[in-house]
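Chain and residue survey
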Amino acid sequence: MASASTVKPALHIEVRLKSVGGAFVRTDLVREEVLEWLSKTFIHLKIDSELKNYDALPHAYLIESINVVDFGGSEGATSYHRLNDVQLDVQAYELREEGEGASAVRTHEGDDDDALLHVRVTPLPSKSLNGVWESLVFDGTIPSRLLRFITRMMSLMKIESLDTTIINWNRVILLYGPPGSGKTTLAKALAQKLAIRLGKHFTEGKLVEINAHSVLSKWFGESSKLVGKMFDSIHTMADEETTLVCVLIDEVETLASSREKAASGNECGDAIRATNQVLTALDRLRHRPNVLVLCTSNLITTIVSSSSCHPKAPLHELPRQDPAFLDRVDVKQHIPNPCSAAAYDILRSSLNELIRCNILIPSPDPDDDVEKPDLDVVQLVGETLSSRSDDWILMDSDSIPTLLYMNVCLWDRAHCPARKLWNISQRCEGLSGRALRRLPFLALALHTHSDPCTVHEALAALAVAVDEETGRIDMKVESNEQKDVLGRHFA
Ligand SMILES: Nc1ncnc2c1ncn2[C@@H]1O[C@H](COP(=O)(O)OP(=O)(O)OP(=O)(O)O)[C@@H](O)[C@H]1O
Ligand SMILES: [Mg+2]
């Protein structure tokens, strides 16, 4: 047996295969080929890089892309990894079309479809979820830490000799935080990534979304029966042990509300029975090593701790999550609104998309005579400060660069787009990821008047839109005042 010191951390490589229209592809063959090619060709590999020049591989015609995506070792490590120091984990996968495999939901012959109306099944890895993981920006490493943790736990649960009556892990994850912070999107992206990363253990994947809210609102009086049926259908899917089933219960507080609160008379008996049914269903699913339950909730006061509820506050203002539900949750992960640096990244990616589509055109830079820095120096600094691959590659591009690049190279260019965007980002405190994704486009529609407009005009409009959204200026300012504000931002 390998000692702890000889076990190398994993370097994860994703090989995306071309869609071959239902034809069977030997992913294990491709995996082996790529593994051998990597070992023979490279000394180092860099996280977030796409590898090219694999044309000589026998199955190269099947390969769409090869990406180095993650390192399983200590956080904050350099983004370059020597192959001698890591264990290569190569996963080959094909993206599935929406609708494939949905027929497997039916529970029994002749069942009515009530339960199915509230369950949406997406095959994993899914075309519709491609790129979602990369589009999310969080402070720190929340997504990658969650992914590593769940991957390890799911792999360990596959060990057949493990006695699950002694090792108690429910495989229930709760993402909680303010509205629009990206909980639902992250839960789906996690399911997608897990289906890829656990490809050696599970040949298929399914994302089962339960619309908790519609169960209670539309089927008043019948909810607990419906919850029971929905979970029966999940058991049917999980019968296939090589299928990874990721169940997403959005707005879980609807189904798992506090029975204590209900007992005090504010909730009907139907909701109590539905909560009981959810708890029983989660206990049943515990014995299925191929099922993971991802829940989201934006009732922060409910989740953080019941002690945070003001004792005299009316219950409908501070509803409490059922303690028995919370006790079944293995990981409770807070998903906050983005910090300034994350806000910069979200706004930057949206603006760069507008630049890419020629909706925005570059503005002349008043500081253009300032000497540009030496690329080698920037690379060195980029490497020591961050693991993101695109930190220093935008020297001559029209795109807005990363924050790191701006700090290192553009600190003396007060009027460049990046510096202006950073000023705006620092005013975004309290805005959700959802609002930040919406604002660049909204700003163009509300506060610019011709197409295409320049990046500087767009930034001036964005500054106004941010101030409106955060309540710093009134949305209904008189047009002259608005012109003044825009004028100040242009200055
Ligand atoms: N951290 C983030 N990074 C990038 N985009 C984000 C982020 N958070 C939210 N978004 C954007 O906002 C949209 C809405 O996010 P999502 O529905 O996942 O939020 P939520 O936390 O589930 O909200 P709610 O609590 O209202 O259900 C996403 O499609 C995404 O485009
Ligand atoms: Mg949500």
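Parameters at a glance
- Residues numbered from 1 in each chain as written.
- Chains lettered and ligands numbered in written order.
- Predicted model: local features only at pLDDT ≥ 70, side-chain atom pairs only at ≥ 80, totals over all residues.
- Heavy atoms only, no water.
- UniProt positions renumbered as here; feature names shortened; annotations may be inferred.
- Salt bridge = Lys/Arg side-chain N within 4 Å of Asp/Glu carboxyl O.
- Helix = DSSP H or I, 4+ residues; strand = E, 2+ residues; numbered from the N terminus.
- Buried < 20%, exposed > 50% of the residue type's maximum accessible area, 1.4 Å probe, protein only.
- Axes fitted to C-alpha atoms, helices over the stretch in contact; angles between N-to-C directions.
- Left-handed = near helix turned anticlockwise from the far one by under 90°.
- Contact = heavy atoms within 4.5 Å.
- Expected span 1.5 Å × (residues − 1).
- Near = heavy atom within 4 Å.
- Polar contact = N/O pair within 3.5 Å; in protein donor to acceptor, adjacent residues only side chain to side chain.
- Areas by Shrake-Rupley, 256 points an atom, 1.4 Å probe, with all protein chains shown as cover.
- Core = buried A, V, L, I, M, F, W, Y, C linked by side-chain atoms within 4.5 Å.

Per an unreviewed UniProt entry, the chain goes by P-loop containing nucleoside triphosphate hydrolase protein and derives from Lepidopterella palustris CBS 459.81. Comment text from UniProt for the chain, heading Sequence similarities (unreviewed entry), reads "Belongs to the AAA ATPase family. PCH2 subfamily."

1. Examining the pattern of salt bridges
Tallied over the entire structure, the rule returns 18 salt bridges. Residue Glu 97 pairs with Lys 127 through a salt bridge whose shortest N-O separation is 2.9 Å. On the criterion of sequence distance, the pair formed by Glu 97 in the loop between strand S6 (87-94) and helix H2 (114-117) and Lys 127 in the loop between strand S7 (119-124) and helix H3 (132-135) is long-range, its members being 30 residues apart. Relative accessible area serves as the criterion here: at 41%, Glu 97 is assigned to the partly exposed category. The partner of Arg 438 in a salt bridge is Glu 469, with the nearest N and O atoms 3.0 Å apart. With Arg 438 in helix H16 (residues 433-447) and Glu 469 in helix H17 (residues 455-469), this pair connects stretches of sequence that are 31 residues apart. Judged by its relative accessible area of 39%, Arg 438 is partly exposed.

2. A few points about the packing of H16 against H17
Between H16 and H17, the least distance of the axes is 8 Å, while the angle of their chain directions is 115 degrees. Read as a crossing pair, H16 and H17 show a hand that is right-handed. Between H16 and H17, the residues in contact are Ala 435, Arg 438, Leu 439, Pro 440, Ala 443, Leu 444, Leu 446 and His 447 and Ala 458, Ala 461, Leu 462, Val 464, Ala 465, Val 466, Glu 468 and Glu 469, respectively.

3. Digging into H17
Taking 1.5 Å per residue as the helical rise, H17 with its 15 residues ought to reach 21 Å, and the 20 Å between its terminal C-alpha atoms agrees with that figure. The element H17 is extensively covered by neighbouring structure, given that 13 of its 15 residues are classed as buried. Gly 471 sits one or two positions beyond H17 and adopts a positive phi of about 80 degrees.

4. Structural notes on the site of ligand 1
Lining the immediate surroundings of ligand 1 are 16 residues, of which Val 137, Gly 180, Lys 183, Thr 184 and Thr 185 lie closest. Residue Lys 183 places a side-chain N or O atom 2.6 Å away from an oxygen atom belonging to ligand 1. Between ligand 1 and the protein, one listed contact pairs an oxygen atom with a side-chain N or O atom of Arg 434 at 3.2 Å. Here ligand 1, which alone exposes 640 Å², has 82% of that area covered by the protein. When residues of the shell around ligand 1 are traced back to their parent elements, those giving at least two are helix H5 (183-197) and H16.

5. A short note on the side chain of Thr 296
The residue Thr 296 is located in strand S11 (residues 291-297) in this model. Here Asp 250 takes part through its side chain, which lies 2.4 Å from a polar atom of the side chain of Thr 296. Once you skip the residues sitting within four places of it in the chain, Thr 296 turns out to touch Leu 174, Leu 175, Lys 183, Thr 184, Ala 187, Leu 248, Ile 249, Asp 250, Glu 251, Val 252 and Glu 253.

6. Description of the nonpolar core
One finds Tyr 344, Leu 351, Leu 360, Ile 400, Leu 421 and Leu 462 to be the most contacted residues of the largest nonpolar core, which totals 37 residues. Taken together, the elements giving at least two residues each to this core come down to helix H12 (340-356), helix H14 (403-409), helix H15 (417-425), H16 and H17. Apart from the residues within four sequence positions on either side, Tyr 344 is in contact with Ile 400, Pro 401, Thr 402, Leu 403, Met 406, Ala 418, Leu 421, Trp 422 and Ser 425. If you look at the next biggest cluster of nonpolar residues, it comprises 32 residues, including Val 172, Leu 285, Leu 326 and Val 329.

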